[in-house]
Each structure stands twice: as structure tokens, then as C-alpha cells.
Amino acid sequence: MEAAAAAAAPPHKLLPPPPPRPPLPPDSRPASQPATPRRSWAPAPTCAQRRRGRRGSGCGTWRCSSWWGATPAARPLPSQSRRTISSTSVQASDIRPLPVLRETMDYLLNLLNSSEYPFDVVHDFIFDRTRSVRQDLSIQNLVNDQAIHIYEDVIKFHILSHQRLARSCKDSDASSLCYLNTEQLMKCLLSLFDMYHIVHKNDSHNTRKAEYYSFFVLLHLGCKIPRMADSLSLWYSQLPASVVRSKEMIFAKTILRCYHLGNFKRFFCMIAADASDLQLCLVEPFLNEVRARALMYFNHSGYKPQHHPLTHLSEILMIEELELENLCSICGLEISGSGDTKSFAPKQTSFSLPSSISHSSGLHISRETES
């Protein structure tokens, strides 16, 4: 029986086991070549978590070698191991120094233009890691120019995301991302202002400071953010005179005033002519809310026989006529006529400001056009 079993066995089963491998030398490098320590971008416990996370399939793990081969400080962790501001067991070895935080922030900003994944996925990846960067700054109580630049870059990320998330806002999940992004933007701005007060209290030559103060004013155009406990006028009185007189702050205050007074012609002309790139990104998601408010003013003014042509209104509101017609139907306005003669009659009782409006794609005008 044993001979028959041996004849039926595969050839490799009949071979003797291979001899054990000889032990490796402790160090095979020449004596003249010292060991080069690997640069630590992240704490050792975090690196161990990431190595364990690579073997898992959690939603926080990326399956793309291009992301894993880049900056280790920004590599994703499984969702259950991400460190947040509510952590109670943060060790001293978990805190990254300021130079590492600076390089991590540069790497994260470079990912904004990535087209390999949908933007909401990229935003979620960067969003968690910017919060971790802010946490490390807070734990170390770092308040200096370098920390201010990191906060300014975090705010830049939230403003660019504010525009791009609004353009892709198709469902409730995207809407919640927009709200969370705006909420974090407000928190970052308030923290940045406290750092300005400490570091640049006697510095009136900071040119970037005025633009970031103007962002806080422009956020009050929307109706989806919590209002200040005190009035903006009181807040203006607490700002340095150089900030209040800056062109960025004058622009933001004038835009907000035109919005409340109903001067929509000047509102859109000023945005097209004077807004910086970041200011335009911040204002763009609010433009259709402003246009709906303008339609309310037009509907309540004039006489019924005096119709408002859509061609003329589209020039004032800087919007394509087809998009304006869609906005009128959302607000309950009945359009009459056809082709170039489309218009709506005022005093329509069916008009109502919608609770949710599709976000605008921007200004339908060349920014180089003089108003």
C-alpha cells in the first residue's frame, strides 16, 4: 500500500524538504556606509496604525499607490483610527512639529486639483486632515506667523470647496457637506482673527489680513449660516482702522449694503469688476439667492401691464436667460411670450422665495468687462 501511495503521489511530494536558510548577517552594508534613518513625517503610533490600515478595507483607506507613495503625513487612516479634537488619549509623540505641519498642508493643497477621484471624495480626505493639523496647532498653543499662514491656507481650502461643492450639490448628502464646510470655515476665520489680534496687534502693514476679514462679512450674504450675536457695526468698530479702510473691506461692506438695500445693479457690477478670486469663489454659491430676492423686488414693483423682459433682467443679474427662466419658474412666476420677447408680469401672487435654490454657475459676463 505504501508503495502504491508513493507511486500515485506528485513528484514534489517525494522530494526531501529543503535545507534551512543560513541566518542573515546583522548588517550587510559596508562599514563606510552608515545607516540612513528614514524621515519621520508622522508619529510612530500613527505609522503603526497606517500599516495595519493598509491590510484592512475601511472607507478611510485609499487603494491608489500614487496617494500612498506621497507624503506619509497625509496618508489616510481607517475611519475608526482617525484622531479628532475629541480624543482624550493623545500622547506627546502623536503631536507633529510646525515644519511637518507646514509640509503636510502644502501637500494637501496640491491634492485639490486632483481629477483621479470625485471632488467630494477628495474633499472628505483633505477635510479630516486639516482638522488634525488645526488640532496639533491648538495642543501646542502655536500662535505665530507660520501658524497664521497654515490657518490662512486651511481657509483657502474651505473657500475653494465652498464653490466646488455648491456646483455639485445634487442631493442631501452634498448639501450636508456644504453646510459642514461652511461651519468649519466660520470657525477657522474666528480662530484666525484671534491669532491676528495677538500676533499683528501693532502691525498695520499686513496686506493679507484685510481680505480674510472681508470673507467673514461676505458670508453674511447667505441665509444658511448663524448670525452674529452682536451687529456687524459693533464688530466693525473693534477692527483696526487700516482694515476698515482697506479696499477689500470696503468692497465687502458695499456688497452687503447693496444686497440689503436692493441695489442689485451695483451689486453684480461691483462683483464682476472688483472681487478677488477668493472673494468671487465665496460669493458665487449665494448669487442665485440674491437673484431670487431681486425677482421679488421686480414682482412687487411696477404695474401689471408693464411686463419685465427676461433679456433685460438677465443683463442686470448677469445670468443666462435660460437659467433665469428656470429660476422664475422655481419662484412661481408665470412667463409669457416666446423667443426674445419672454417676460413676466408684476404683482403675481404665486411668487414665493424657495427654501432651496440650485446654485449658480457664476457670473454670465467677462470679468474684464468694464461696468
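This text follows the structure it describes.
This write-up is about the structure you can find in this document. Quick caveat, the model's predicted, so the values are computed rather than measured.

What counts as what
- Residues numbered from 1 in each chain as written.
- Predicted model: local features only at pLDDT ≥ 70, side-chain atom pairs only at ≥ 80, totals over all residues.
- Heavy atoms only, no water.
- Helix = DSSP H or I, 4+ residues; strand = E, 2+ residues; numbered from the N terminus.
- Buried < 20%, exposed > 50% of the residue type's maximum accessible area, 1.4 Å probe, protein only.
- Contact = heavy atoms within 4.5 Å.
- Areas by Shrake-Rupley, 256 points an atom, 1.4 Å probe, with all protein chains shown as cover.
- Salt bridge = Lys/Arg side-chain N within 4 Å of Asp/Glu carboxyl O.
- Pairing = 2+ DSSP bridges.
- Core = buried A, V, L, I, M, F, W, Y, C linked by side-chain atoms within 4.5 Å.
- Polar contact = N/O pair within 3.5 Å; in protein donor to acceptor, adjacent residues only side chain to side chain.
- Axes fitted to C-alpha atoms, helices over the stretch in contact; angles between N-to-C directions.
- Parallel < 35°, antiparallel > 145°, perpendicular 65-115°, else oblique.
- Left-handed = near helix turned anticlockwise from the far one by under 90°.
- Nonpolar A, V, L, I, M, F, W, Y, C, P; charged D, E, K, R; others polar.

### What to know about the overall build of the chain
- Secondary structure summary: the chain contains 17 helices and 3 strands in total.
- The 371 residues of the chain split such that 44% are buried.
- A sequence separation of at least 24 residues applies to 70% of the contacts in the chain between residues at least 6 apart.
- Total accessible area on the chain is roughly 20900 Å²; 54% of this is exposed by carbon and sulfur atoms.

### Considerations on the pattern of salt bridges
- For the coordinates displayed, the defined rule picks out 6 salt bridges.
- A salt bridge links R208 to E152, with the shortest nitrogen-to-oxygen separation between them at 3.0 Å. Of this pair, R208 sits in helix α9 (residues 207–218) while E152 sits in helix α7 (residues 145–167), placing them 56 residues apart in sequence.
- A relative accessible area of 35% means that R208 is categorised as partly exposed.
- Judged by its relative accessible area of 1%, E152 is buried.
- For the salt bridge of E284 with R167, the shortest nitrogen-to-oxygen distance reads 2.8 Å. In this pair, E284 sits in the loop between α14 (277–283) and α15 (287–300) while R167 sits in helix α7, placing the two residues 117 residues apart along the sequence.
- For E284, a relative accessible area of 4% corresponds to the buried category.

### As for the sheet that holds strand β3 (residues 343–344)
- In spatial order, the strands read β1-β3-β2; together these 3 strands make up an open sheet with antiparallel pairing. Two strands close off the open sheet at either side, each with one partner strand: β1 (308–309) and β2 (335–336).
- Looking at chain direction, β2 and β3 are connected through 2 bridges and run antiparallel. Along β3, the bridge assignment pairs S336 with S343.

### Concerning helix α13 (residues 264–274)
- For α13, the full list of buried residues reads F264, F267, F268, C269, M270, I271 and A272.
- Looking at the packing, one finds that the buried side of α13 touches α12 (247–261), α14, α15 and α16 (310–317).

### Structural notes on the nonpolar core
- Judged by nonpolar contacts, the single largest core of 89 residues is most densely connected at W235, F267, I271 and L295.
- When residues no more than four places from it in sequence are discounted, the contact partners of F267 are L221, I255, C258, Y259, L287 and V290.

### A look at the side chain of N299
- Relative to the elements of secondary structure, N299 occurs in helix α15.
- Looking at N299, the relative accessible area reads 0%, which means it is buried.
- A polar atom in the side chain of N299 sits 3.0 Å from the backbone nitrogen of Q348.

### Description of the packing of α15 against α16
- In the contact formed by α15 and α16, the axes pass within 11 Å of each other and the chain directions differ by 135°. Put simply, α15 runs oblique to α16. Along this stretch, α15 crosses α16, giving a crossing that reads as right-handed. Facing R291, A294, L295 and F298 of α15, the residues of α16 in contact are L313, I316 and L317.
- Each residue belonging to the contact of α15 with α16 can be placed in one class, and the counts come to 6 nonpolar, no polar and 1 charged.

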